[in-house]
Amino acid sequence: MEGAWIPLALTLKVAGWATLLNLVLGVGVGFVLARRRFPGRELLDALLTLPMVMPPTVLGYYLLVLIGRRGPIGAWLQAHFGIQLIFTWQGAVIAATIVAFPLVFKSARAAFEAVDPQLEQAARVLGLGEAAVFFRVTLPLAWRGILAGVLLAFARATGEFGATLMVAGSIPGKTQTLSVAVYEAVQAGQDDVANFLVAVTSVTCVAVLLAAGRLVPGRVAGQT
Amino acid sequence: MTVIWDVDARRRFDHARRRFELRVRFASDSRRLVLFGPSGAGKSQTLKIVAGLTRPDAGHVRLGGETLADVAARIDVPARDRRLAYVFQDYALFPHLNVLQNVAFGLQRGWRNAAREVRHDEVQRWMRAFELGPLSHHYPEQLSGGQRQRTALARALVARPRALLLDEPFAALDPDLRARLRDELADLQAELGIPLVLITHDERDVRRFGDEVIEIAAGRVAGPGALRDDALAA
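No experiment lies behind these values; they were computed from the predicted model shown.

Conventions and cut-offs
Residues numbered from 1 in each chain as written. Chains lettered and ligands numbered in written order. Predicted model: local features only at pLDDT ≥ 70, side-chain atom pairs only at ≥ 80, totals over all residues. Helix = DSSP H or I, 4+ residues; strand = E, 2+ residues; numbered from the N terminus. Buried ≥ 20, exposed ≤ 12 C-beta atoms within 10 Å, placed from the backbone. Contact = placed C-beta atoms within 7 Å. Rg over C-alpha atoms; globule rule 2.2 N^0.38 Å. Arc of directions from axis to C-beta. Pairing = 2+ DSSP bridges. Nonpolar A, V, L, I, M, F, W, Y, C, P; charged D, E, K, R; others polar. Axes fitted to C-alpha atoms, helices over the stretch in contact; angles between N-to-C directions. Parallel < 35°, antiparallel > 145°, perpendicular 65-115°, else oblique. Left-handed = near helix turned anticlockwise from the far one by under 90°.

Colleague: Go over the overall build of chain A, please, and point to the residues and values.
Modeller: Secondary structure summary: chain A contains ten helices and zero strands in total. Listed by position from the N terminus, the elements making up chain A come as α-α-α-α-α-α-α-α-α-α. With respect to the principal axes defined by its C-alpha atoms, chain A has extents near 65 × 40 × 30 Å. Burial analysis of chain A (224 residues in total) assigns 43% to the buried set. For chain A, contacts bridging at least 24 residues in sequence account for 75% of all contacts bridging at least 6.

Colleague: Tell me about the overall build of chain B, residues and numbers included.
Modeller: Along the backbone of chain B there are seven helices and eleven strands. Its C-alpha radius of gyration of 18 Å places chain B within 12% of the 17 Å reference for a compact globule of 234 residues. Here chain B holds 234 residues, and the buried ones make up 43% of them. For chain B, restricting intrachain contacts to residue pairs at least 6 apart in sequence, the fraction spanning at least 24 positions comes to 68%.

Colleague: Go over helix α3 (residues 121–129) of chain B with me, naming the residues and quoting the values.
Modeller: Residue and element names in this part refer to chain B. By the burial criterion, the buried members of α3 are V123, W126 and M127. For α3, the angular spread of the buried residues around the axis is 105°, confining them to a single face. Every exposed residue of α3 that faces more than 90 degrees away from the buried side is listed here: D121 and R128. In this structure, the buried residues of α3 make contact with α2 (99–104) and α4 (145–157).

Colleague: Report on the pairing of strand β9 (residues 196–200) of chain B, specifying residues and quantitative values.
Modeller: Residues and elements named next belong to chain B. By the criterion of burial, β9 is predominantly enclosed, with five of the five residues buried. Judged by which residues are buried, β9 turns out to be covered on both faces: L196, L198 and T200 on one side and V197 and I199 on the other are all buried. Looking at chain direction, strand β3 (residues 32–36) and β9 are connected through five bridges and run parallel. Note on β9: the bridge partner recorded for V34 is L198. Sheet analysis places strand β8 (residues 163–167) next to β9, joined by four bridges and oriented parallel. Residue L166 lies in a different strand from β9, and its bridge partner there is L198.

Colleague: If you had to explain the interface of chain B and chain A to someone new, which residues and values would you point to?
Modeller: Each partner contributes to the interface: chain B provides 20 residues, whereas chain A provides 20 residues. Across the side of chain B that touches chain A, the residue classes break down as 13 nonpolar, four polar and three charged.

Colleague: Can you explain the pairing of strand β1 (residues 5–14) of chain B? Please cite residues and give values.
Modeller: Looking along a regular strand, one sees side chains alternate from face to face of the sheet. Residue and element names in this part refer to chain B. Pairing of β1 with strand β2 (residues 19–28), which is carried by ten bridges, proceeds in the antiparallel orientation. Each residue of the ladder has a partner; that of V7, found in β2, is F26. Between β1 and β2, which pair antiparallel in sequence order, lie four residues.

Colleague: Tell me about the packing of helix α6 (residues 117–125) of chain A against helix α7 (residues 130–158) of chain A, and please be specific about residues and values.
Modeller: Residue and element names in this part refer to chain A. In contact at an axis separation of 10 Å, α6 and α7 are set at 140° when each is read in the N-to-C sense. If you check the angle between α6 and α7, you find them oblique. The crossing of α6 and α7 is right-handed. Together, L119, E120, A123 and R124 of α6 and V133, R136, V137 and T138 of α7 make up the contact between the two elements. Split by residue class, the contact of α6 with α7 holds four nonpolar, one polar and three charged.

Quick look at the structure:
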C-alpha cells in the first residue's frame, strides 16, 4: 500500500504547479477580458474556453503535436535548452494547466466584472496609480470569486486523466498520477490498491469542493 | 478678476442604443459653481472630464490658470495628479475597508491598504470634524446615508485637494437630512475656501450653492453663463 502515496504526492505536485500557473495566467487574462475593450474579445474568450468542452484526449493530441519532439515548440525547446517535455512530470503540469485554465479565467473575469468601475475611479482621483488601484481595490473585491475558481481548477487538475496520459504517459513514480494509477490498478486486477487510490482521490475532491462552496456565495469581500 | 474654471470640452459617447454628444463650454470665477440640469444631460460626464476620469475628444480644462487637459497641446494630467476631490453620487466608498481606512485611503502610498487601526494626524482631524470617530471600524454597508456622505467628504478632503467636485451629493439622502447637510457643506466650503463645483437637478441646491449656475441640457450649456468672453480674456 505504501506505493499508493507516490502517485498522491506526484498528483499534488502536478496539480499544485498547474494551479499556481493558472492563478497568474487566469487572473491576468480574466482582468484583461473584463476591463479592456478590443476587437475579437469574445472570440478570444471562446477559444480560451475550448479546453473545458473538448475531450481531454483531443487536447492531449494537440499538445503532442505542439510540444512533441517534432512539434514546433518541442523542437525549439530541445534545440535551444535541451528541454524535453513529453513523458515528464512537467509535461503533465502543462496538460493539467491547460485543462483547468478556463475554470480560473472564467471565474476571474466574472469576479472582475462584478467590481464597480466607479470604485476604481474613486481610487484614481485619490491619487493612486493603476497598479495600486488593482492591488488595493480591484483584487481585494474580486478575490473571493477568483479563489473559488482556483480551487475548482485544483480539483480539476487533480483528476486530470486524458491529456496527462497522452502527454506524460504512465511511468510509475515519474508521471503516474492518481487517476492514471487507478486505471492501471484496475487493469492489473489490483482491487485493494484501486480502492485505496479511489478513496484518497474522492476525499481530496470533496474537501476542495467544500472549500470552494464556502467561498462562492460569500458576502461582499469584507472583514479580512 | 481671476478665472477659476475654464472648460471647453467635446466628447462623443457611442452607446449601444444612442449616441450622445457632449459639448460644454464655460468659464467662471465663482468659488461656488452649480451645474444644473435634468438627468442624462451630461453633467456627470462634464465633471468626470474635469476630474480626468473621462478623456475629452477635443478642447481643454483649466483650473486657476493651470492646464489640466488640452487635447490640441497633448496635455492630459492623469486623474491621480490633479489633486481634485471628487464625491460620487452614491459615494463610492470602498466596501472592503472600514471608515478609518476609507478616510486614510488617499494618504496611504504603495500597493497595500492602510491597517485597520491606521493613525494619522490629518485623518484624525477629519474624522473629528465629521464626527466619524465612533464609526471608525464600521464598514460602509453598516452606515446610514448621512454617515456615508460624511465619510466620502472626509476621504476626499484629507489629501488637501485644490477643488471639490460633488456629483448630486444630496440625492441619496432623505429630505430632512438633505437640508441639514446642505448647510454643513456650505459652512465647510466657506471655511476651507476651496472652489466647489456641485452637480444637481434640485433647485434647492441651486439656491444654496449657486453663486453662479450653469445650465446643462442635452449635452450643451444653456442660458446665461454659457460663455463670457470678458471672463475668458481676464
